[in-house]
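Chain residues, written in single-letter form:
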Amino acid sequence: GAGVSQSPRYKVAKRGQDVALRCDPISGHVSLFWYQQALGQGPEFLTYFQNEAQLDKSGLPSDRFFAERPEGSVSTLKIQRTQQEDSAVYLCASSVLAGMNTGELFFGEGSRLTVL
Amino acid sequence: EDQVTQSPEALRLQEGESSSLNCSYTVSGLRGLFWYRQDPGKGPEFLFTLYSAGEEKEKERLKATLTKKESFLHITAPKPEDSATYLCAVQAPSWGYQKVTFGTGTKLQVIP
């Protein structure tokens, strides 16, 4: 497709369940970011990939959060043992550039996670 | 720690009533400042990149400016379709790449 695709768009999980959120970046984009956006707030950085290498995971809120991009294209954000405070929209963004200037980010529409 | 502060949190304008949104930042080694627009239920959409103090960019009714400590997004004669949340983001060096940090946004409502 022409843009960043995220799935599922909506996910309802019971507390304690594991969830997996998928991101298909624009083909050929080197950089991939995951952000968490709470209602009424700006996106908060979670993690960054350059190709398959996870260069920064400093924003992951706990060891229940795990992200991967094994072949340098599709990425998955996994949340284990979900808690109510994990409820948010998870945004994926990609960029054609990397390193010293990632430039303009292209965002997907996000995956809205609700934990009951 | 890099910080990005946007004001006001919300702004309500009459159609045609011009105004400005503010983004102030404290980062080490700014590499770029971005403005994005976000509509409800959508991901942010890129508007502008500014790289150095004194730079200006324009697109339709929007004009972005940059100083050493802040950026302004000027909206001239806004229309209802300009209603959205406007996000500012800064890019600065972190762990070998250019980390992008967002502000909390300004929610703009333009009344017909």
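As shown above, the structure is provided for reference.
Residues numbered from 1 in each chain as written. Chains lettered and ligands numbered in written order. Predicted model: local features only at pLDDT ≥ 70, side-chain atom pairs only at ≥ 80, totals over all residues. Heavy atoms only, no water.

Chemist: Sorry if this is basic, but what is going on with the interface of chain B and chain A here?
Modeler: Frequently, the measure chosen for interface size is the accessible area removed from exposure when the parts meet. With 22 residues of chain B at the interface, the matching set in chain A holds 24 residues. Taken together, the two surfaces of chain B and chain A that pack against each other cover about 1,900 Å², and 51% of this comes from carbon and sulfur. For the interface between chain B and chain A, the tally reads one salt bridge. Salt-bridge contacts for Glu109 of chain A lead to Lys42 of chain B; the nearest nitrogen and oxygen are separated by 3.0 Å. For the pair chain B and chain A, the number of links is five residue pairs in polar contact (both at pLDDT 80 or more). Its residues assigned to classes, the side of chain B that touches chain A shows 10 nonpolar, nine polar and three charged. (Contact = heavy atoms within 4.5 Å. Buried area = accessible area lost by both parts, 1.4 Å probe. Salt bridge = Lys/Arg side-chain N within 4 Å of Asp/Glu carboxyl O. Polar contact = N/O pair within 3.5 Å; in protein donor to acceptor, adjacent residues only side chain to side chain. Nonpolar A, V, L, I, M, F, W, Y, C, P; charged D, E, K, R; others polar.)

Chemist: I tried to follow the sheet that holds strand β8 (residues 75-79) of chain A on my own but got confused; where do I start?
Modeler: Neighbouring strands of a sheet are bound in pairs by backbone hydrogen bonds; such pairs are parallel or else antiparallel. All names here are of chain A. If you trace the four strands from one edge of the open sheet to the other, you get β1-β3-β8-β7, paired in antiparallel fashion. Unpaired on one side and paired on the other, β1 (5-7) and β7 (65-68) mark the two borders of the sheet. Strand-to-strand twist in this sheet, taken as the mean axis angle between neighbours without regard to direction, amounts to 15 degrees. (Pairing = 2+ DSSP bridges. Helix = DSSP H or I, 4+ residues; strand = E, 2+ residues; numbered from the N terminus. Axes fitted to C-alpha atoms, helices over the stretch in contact; angles between N-to-C directions.)

Chemist: Help me understand unusual backbone geometry in this model?
Modeler: For residues other than glycine, phi is negative in most cases, and the peptide bonds are mostly trans. Note that the residue after Ser7 of chain A, namely Pro8 of chain A, is joined by a cis bond; omega there is -10 degrees. By the secondary structure assignment, Pro8 of chain A is in the loop between β1 and β2 (10-13). Cis geometry is adopted by the peptide bond preceding Pro8 of chain B, which originates at Ser7 of chain B and carries an omega value of -10 degrees. As for its position among the elements, Pro8 of chain B is in the loop between β1 (3-7) and β2 (10-14). Backbone geometry places Asn51 of chain A, a non-glycine residue, at a positive phi of 55 degrees. One can find Asn51 of chain A in the loop between β5 (44-50) and β6 (53-56). Notably, Glu60 of chain B is not glycine yet its phi reads approximately 55 degrees, a positive angle. As for its position among the elements, Glu60 of chain B is in the loop between β6 (56-59) and β7 (62-66). Residue Glu60 of chain B is classed as exposed on the basis of its relative accessible area, which comes to 71%. (Buried < 20%, exposed > 50% of the residue type's maximum accessible area, 1.4 Å probe, protein only.)

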